[in-house]
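# Fold and geometry: a report
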Amino acid sequence: MKVIHTIGELRQALAGQAARGFVPTMGNLHDGHLALVRQAREAVGPQGAVIASIFVNRLQFAPNEDFDQYPRTLARDAELLEAASCDFVFAPSEQELYPEPQGYKVTPPAALADILEGHFRPGFFTGVATVVHKLFNIVQPSVAVFGKKDYQQLMVIRRMVAQMALPIEIQAGETARSDEGLALSSRNGYLSAEEKEEALRLSRTLKALIAGWQSGRRDLAALEAEATSHLQAHGWAPDYVCLRRRHDLGAPQAEGEPLVALAAARLGKTRLIDNLEV
Ligand code: PAF
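Residues numbered from 1 in each chain as written. Predicted model: local features only at pLDDT ≥ 70, side-chain atom pairs only at ≥ 80, totals over all residues. Heavy atoms only, no water.

Next up on the list: the site of the ligand. Near the ligand you find Pro24, Thr25, Met26, Asn57, Gln60, Val128, Val131, Val132, Asp150 and Gln153, and these make up its full shell. Note that an oxygen atom of the ligand is positioned 2.7 Å from one of the side-chain N or O atoms of Gln60. Contact distances for the ligand include 2.7 Å between an oxygen atom and a side-chain N or O atom of Gln153. If one sorts the elements of the shell around the ligand by residue count, helix H7 (residues 124-139) sits on top with three residues. For the shell around the ligand, the residue count by class is five nonpolar, four polar and one charged. (Near = heavy atom within 4 Å. Polar contact = N/O pair within 3.5 Å; in protein donor to acceptor, adjacent residues only side chain to side chain. Helix = DSSP H or I, 4+ residues; strand = E, 2+ residues; numbered from the N terminus. Nonpolar A, V, L, I, M, F, W, Y, C, P; charged D, E, K, R; others polar.)

Written as structure tokens, this is what we have:
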């Protein structure tokens, strides 16, 4: 496996390689990322090239967020990626990826990008779509794998690829969880041992919300308010806890539609997100 820091070197290394499986990350990797890398390997086969990028993308962080604290653990990440049969790690510097202020941006439609995560993190999806589009141009993958843990992000990327006619197959990777059910996240490292235990409540609250719906209740606002109050009563500061249609994250309209329950909430200083498909 090679660790590459420049666009030119990566393009050279990939020349002549048609099957390229790509996993973009911000590093500080956990088993969830490594499962995406293995999925990319499955997709391109033993002769294909698997590329993971590691880049903490300033564009998707608001000034009050954790850009500076975000752990940079390249040496450890590279070891993990090598063991997961990755071929190339693309780890550009900020100067390499953004040699001048990024004036050209990809702005996803507000109907998808300004709700839920986008409502609480204004500009987040523009930052994500811009860097992912740029990374796609650099890596030119045939397949790219994104985790369902970032459900709305996956939707934003899928739509971008479709609308921009990018010749890339987007695959979704299932959310990796601890044995107790905590969705793996690079930000779990910010949690104390006590908070880690409490963090299990997030997926349990989503399960209870889904159970309420499946029991036949249709007072969605009340169900969501109960879930929110439950988290608040245990010291959380929820941004949203809700049940949405899978295909556009709008409110459920018709019986039998595929749904997803989504939540984002702060526990102490750490903001956690999770979702469960119904
Ligand atoms: O999901 C992430 O880690 C980031 O949002 C991504 C897709 C690597 C873009 O910076």
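Additional details are given in the paragraphs that follow.
In this section: the nonpolar core. Of all hydrophobic cores here, the largest spans 45 residues; its most connected members are Leu10, Ile51, Phe90, Phe136, Ile157 and Ile170. Counting residues per element, this core draws most heavily on H7, which supplies 10 residues. Ignoring sequence-local partners within four residues, the contact set of Ile170 consists of Phe136, Ala144, Phe146, Leu154, Ile157, Arg158 and Val161. Formed by 23 residues, the second largest nonpolar core is a distinct cluster that contains Leu191, Leu220, Ala263 and Leu276. (Core = buried A, V, L, I, M, F, W, Y, C linked by side-chain atoms within 4.5 Å. Buried < 20%, exposed > 50% of the residue type's maximum accessible area, 1.4 Å probe, protein only. Contact = heavy atoms within 4.5 Å.)

On to the packing of aromatic side chains. Describing an aromatic ring pair means giving the distance of the ring centres and the angle of the ring planes. Counted by the stated rule, this structure contains seven aromatic pairs. Between Phe124 and Phe125, the aromatic rings sit 4.8 Å apart at their centres with planes inclined by 65°, giving edge-to-face as the arrangement. A residue is classified by how much of its surface remains accessible, and Phe124, at 7% relative accessible area, is buried. One aromatic cluster is present, built from ring pairs that chain together Phe22, Phe136 and Phe146. The residue whose ring lies beneath Arg121 is Phe124, and the NZ or CZ to ring-centre distance is 4.1 Å. Geometry around Trp213 places Arg218 over its ring, the cationic atom sitting 3.9 Å from the centre. (Phe/Tyr/Trp six-rings, centres within 6.5 Å; stacked < 30°, edge-to-face > 60°. Lys NZ or Arg CZ within 6 Å of the ring centre and 35° of its normal.)

Moving on to helix H10 (residues 220-233). Because an α-helix packs 3.6 residues into every turn, residues spaced three or four apart end up facing the same way. The terminal C-alpha atoms of H10 lie 20 Å apart, and with 14 residues this matches the ideal 20 Å at 1.5 Å per residue to within 8%. All buried positions along H10 are accounted for by Leu220, Leu223, Glu224, Ala227 and Leu231. All buried residues of H10 fall inside an arc of 95° around its axis, so they share one side. Residues Ala221 and Ala233 are exposed on H10 and point more than 90 degrees away from its buried face. Of the surrounding secondary structure, the elements contacted by the buried residues of H10 are helix H9 (193-214), strand E7 (236-245) and strand E8 (259-267). Directly after H10, the chain includes Gly235, whose backbone phi takes a positive value near 90°. (Expected span 1.5 Å × (residues − 1). Arc of directions from axis to C-beta.)

Glancing now at the environment of Val139. The residue Val139 is located in helix H7 in this model. In the structure, Val139 is positioned 120 residues away from Ala19 in sequence and 11 Å away in space, judged by C-alpha atoms. In this structure Val139 touches Leu10, Leu14, Arg20, Phe22 and Ile51, once residues within four positions along its chain are discounted.

Taken in spatial order, the three strands of this open sheet run E7-E8-E9, and their pairing is antiparallel. A strand with exactly one partner marks an edge of an open sheet, and here the two such strands are E7 and strand E9 (270-277). Here the average twist between neighbouring strands, direction ignored, is 10°. Pairing analysis gives eight bridges linking E8 to E9, with the strands arranged antiparallel. Directly across from Ala264, in E9, lies its bridge partner Ile273. Docked against the sheet, H10 engages E7 and E8, running at close to 150° with respect to E7. (Pairing = 2+ DSSP bridges. Axes fitted to C-alpha atoms, helices over the stretch in contact; angles between N-to-C directions.)

What follows deals with the packing of H9 against H10. For the pair H9 and H10, interaxial distance at closest approach is 10 Å and the crossing angle is 155°. Taken as axis vectors, H9 and H10 run roughly antiparallel relative to one another. Of the two elements, H9 crosses H10, and the hand of that crossing is right-handed. Contacts between H9 and H10 involve Arg201, Leu202, Thr205, Leu209, Gly212 and Trp213 from the former and Leu220, Leu223, Glu224, Ala227, His230 and Leu231 from the latter. Tallied by class, residues from the contact of H9 with H10 come to seven nonpolar, three polar and two charged. (Parallel < 35°, antiparallel > 145°, perpendicular 65-115°, else oblique. Left-handed = near helix turned anticlockwise from the far one by under 90°.)

A separate point is the packing of H7 against helix H8 (residues 151-163). It is the contact of H7 with H8, at a shortest axis distance of 10 Å, that shows an interaxial angle of 50°. By the angle class used here, H7 and H8 are oblique. As H7 packs across H8, the resulting crossing turns out to be right-handed. Here Phe124, Phe125, Val128, Ala129, Val132, His133 and Phe136 of H7 come into contact with H8, specifically with Gln152, Gln153, Val156, Ile157, Met160 and Val161. Considered class by class, the residues forming the contact of H7 with H8 number 10 nonpolar, three polar and no charged.

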